[in-house]
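Observations on chain architecture
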Amino acid sequence: MPISSLSATSYLAGLLKPAPAFQASIVSSDRNLSLNDEMRLITSNGTTNLSLTIPTDASANWTSASRLLFQSENTGQIQVFAASGVTIVGPTGTNTSVSLNPLSIMQIRRTGTNTWQSYGGVAGHIGRGLFAMGSTALSTIDMISIASEANATNYGSLSAGRSFGGGCGSNTRALFFGGTSNAAASGALNSIESALIASLGTVSSFGTITAAWGFTMGCGSNSTRSITTIGTNTAGALAATLETHLIASGGSTSTYGSLSLGNGSYTSGTANPTTVLIGPDASSNNRIAVCNIASSGTGTNVGQLSIYRYAYGACSNSTRALFGGGHTSSTSIDFMNYASQGNATSFGALTSGRSYLAATSSSIRGVFGGGNQVLDYVNIATQSSALSFGSLVVSRNGAAASSDVHGGV
């Protein structure tokens, strides 16, 4: 019918007719997303964290205009993963997953072949560092904002007190590996716990380490995978074994390989997106081992620290790694550039000498904490001595740490 034959009222009504509303679709368990999820508000209204996966174009028949809308109405977090062959682009670049903060909304829109763009609600990358564990078998977790010097505040608690474990994680999770319940090998723990960095107090069991190992560990990770030494078992035995763990899925660790030298005890690790560096351990080998995160194998020796040490803290951005403190209550900080590797060079000094500390970082700052209650920081790009950052809530001797903006993510 020609427009001229329509009444003005009916014509305007057609123009102003609203687009179809998104219908709420409650999700309560992990699953793959599909074409049926388009034009629906994919909603979590519970307290359980959910993992949803975007399949490839071929398997889901996505259209050029496909878009997905997510909403969290409670404390449960939604993490959206890219299936193999799929890419999600977020505010910080290409990711294998993006996460929705509790009580937030996020849209993910298809922008090309097997490529999606996320908007809003992305958890992580808020610049928060977490320090956990301590030699009196501490269960509490301290948190800091890496960009702002201040005393740490309470984040929440692990399920039980522990010390001398390992810490690393992704842009959404801090993982705390193993440790000991009594500051001795006899109390070695093989559990892994996950803390959602953006959500205060959200700590859960996340898997196990091989057998009853887990005392005096060191580890590093990118956004998807960690590599860790397994340290000491309950009988006091040492092993040069390296284990790997998929951060998104949890579960038990699996064998990565082994160190070519050393026993993996009282060591520390750090990472950029492709490489984990494991520093010296208590075996008197002053080596730095490099591990390719994407492929299993042997930790190959690439250099040495300027002085031999163990029980130190390590952190990095994507280009430079720092190693500070050590068993002689050293103040020394060394650095190594990922691109050139080789022997480490003196960077500066901590504000006070200490051992059994931990460290974490952003792309700009490294923060060392533990060994006592002191927090120090350095600007990673500039060789200089550390400055006072503040204090931990409690003294932590045998600490572990991670952040959502460390060099691996």
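A closer look at the state of the cysteines
- This structure, assessed with the given rule, holds 0 disulfides.
- Not part of a disulfide, Cys-168 finds its nearest cysteine sulfur in Cys-219, a span of 3.4 Å.
- The exposure class of Cys-168 is buried, given its relative accessible area of 4%.
- Its sulfur unpaired, Cys-291 is 12 Å from the next cysteine sulfur, which belongs to Cys-219.

Details of empty space enclosed by the protein
- Within this structure, the stated rule accounts for 1 cavity of 30 Å³ or more.
- The space that makes up the largest cavity amounts to roughly 370 Å³.
- Lining the largest cavity are 36 residues; nearest its centre among them are Gly-167, Ser-268, Gly-269, Ala-358 and Ala-401.
- Broken down by secondary-structure element, the contributors of at least two residues to the lining of the largest cavity are β15 (166-169), β20 (219-221), β25 (269-271), β29 (313-316), β33 (357-361) and β37 (400-403).
- Considering each element in turn, the lining of the largest cavity owes the most residues, 5 residues, to β33.
- Of the residues assigned to the lining of the largest cavity, the class counts are 17 nonpolar, 19 polar and no charged.

Focus on the pattern of salt bridges
- Scanning all chains against the criterion turns up 8 salt bridges.
- One salt bridge connects Arg-365 with Glu-149, and the closest N-O pair in it is separated by 2.9 Å. Of this pair, Arg-365 sits in strand β34 (residues 365-370) while Glu-149 sits in the loop between β13 (138-145) and β14 (153-162), and the two are 216 residues apart along the sequence.
- A salt bridge links Asp-281 to Arg-287, with the shortest nitrogen-to-oxygen separation between them at 3.2 Å. Summarising the burial analysis for this pair, Asp-281 and Arg-287 share the class buried.

Describing the nonpolar core
- Counting 21 residues, the largest nonpolar core has Leu-33, Ile-54, Leu-68, Phe-70, Val-80 and Ile-108 as its most contacted members.
- Those elements that place two or more of their residues in this core are β4 (50-54), β5 (67-72), β6 (78-82), β9 (97-100) and β10 (105-112).
- Counting residues in hydrophobic clusters, the runner-up holds 13 residues, among them Ala-152, Leu-375, Phe-389 and Ala-399.

Describing unusual backbone geometry
- Backbone geometry at Tyr-266 places phi at a positive 50°, although glycine is not the residue there.
- For Tyr-266, the position within the fold is in the loop between β24 (254-259) and β25.
- Residues other than glycine seldom take positive phi values, yet Ala-311 does so here, at roughly 60°.
- Tracing the chain through its elements places Ala-311 in the loop between β28 (297-304) and β29.

A word on the confidence of the model for the protein
- Mean pLDDT for the protein: 88, with 90% of residues reaching 70 or above.
- Scored below 50 in pLDDT, residues 1-20 makes 4 contacts in the model with residues more than four places away or belonging to other chains.

Considering the side chain of Arg-173
- Tracing the backbone through its elements, the reader meets Arg-173 in strand β16 (residues 173-177).
- Buried charged residue Arg-173 carries no salt bridge. Nearest counter-charge: Asp-30, at 8.3 Å.
- A distance of 2.9 Å separates a polar atom in the side chain of Arg-173 from a polar atom in the side chain of Ser-194.
- Filtering out sequence-adjacent residues up to four positions away, Arg-173 remains in contact with Gln-79, Cys-168, Ser-194, Ala-195, Leu-196, Ile-197, Phe-206 and Ile-247.

Section: the sheet that holds strand β32 (residues 345-349)
- Taken together, the 4 strands give an open sheet; going across it, the order is β29-β30-β31-β32, and neighbouring strands pair in antiparallel fashion. Two strands bound the open sheet, and with one partner strand each, they are β29 and β32. Direction aside, the axes of adjacent strands within the sheet are offset by 25° on average.
- Looking at chain direction, strand β30 (residues 320-324) and strand β31 (residues 332-337) are connected through 5 bridges and run antiparallel. What sits directly across from Arg-320, in β31, is Asn-337.

Reading the values: the criteria
Residues numbered from 1 in each chain as written. Predicted model: local features only at pLDDT ≥ 70, side-chain atom pairs only at ≥ 80, totals over all residues. Heavy atoms only, no water. Disulfide = S-S within 2.5 Å. Buried < 20%, exposed > 50% of the residue type's maximum accessible area, 1.4 Å probe, protein only. 1 Å grid on protein atoms, 1.4 Å probe; cavity = no way out; pocket = protein on both sides within 12 Å on 5 of 7 lines; lining within 4 Å. Points joined across faces, edges and corners; volume = space filled by probe spheres on them. Helix = DSSP H or I, 4+ residues; strand = E, 2+ residues; numbered from the N terminus. Nonpolar A, V, L, I, M, F, W, Y, C, P; charged D, E, K, R; others polar. Salt bridge = Lys/Arg side-chain N within 4 Å of Asp/Glu carboxyl O. Core = buried A, V, L, I, M, F, W, Y, C linked by side-chain atoms within 4.5 Å. pLDDT = per-residue confidence, 0-100. Contact = heavy atoms within 4.5 Å. Lys, Arg positive; Asp, Glu negative; His and termini not counted. Polar contact = N/O pair within 3.5 Å; in protein donor to acceptor, adjacent residues only side chain to side chain. Pairing = 2+ DSSP bridges. Axes fitted to C-alpha atoms, helices over the stretch in contact; angles between N-to-C directions.

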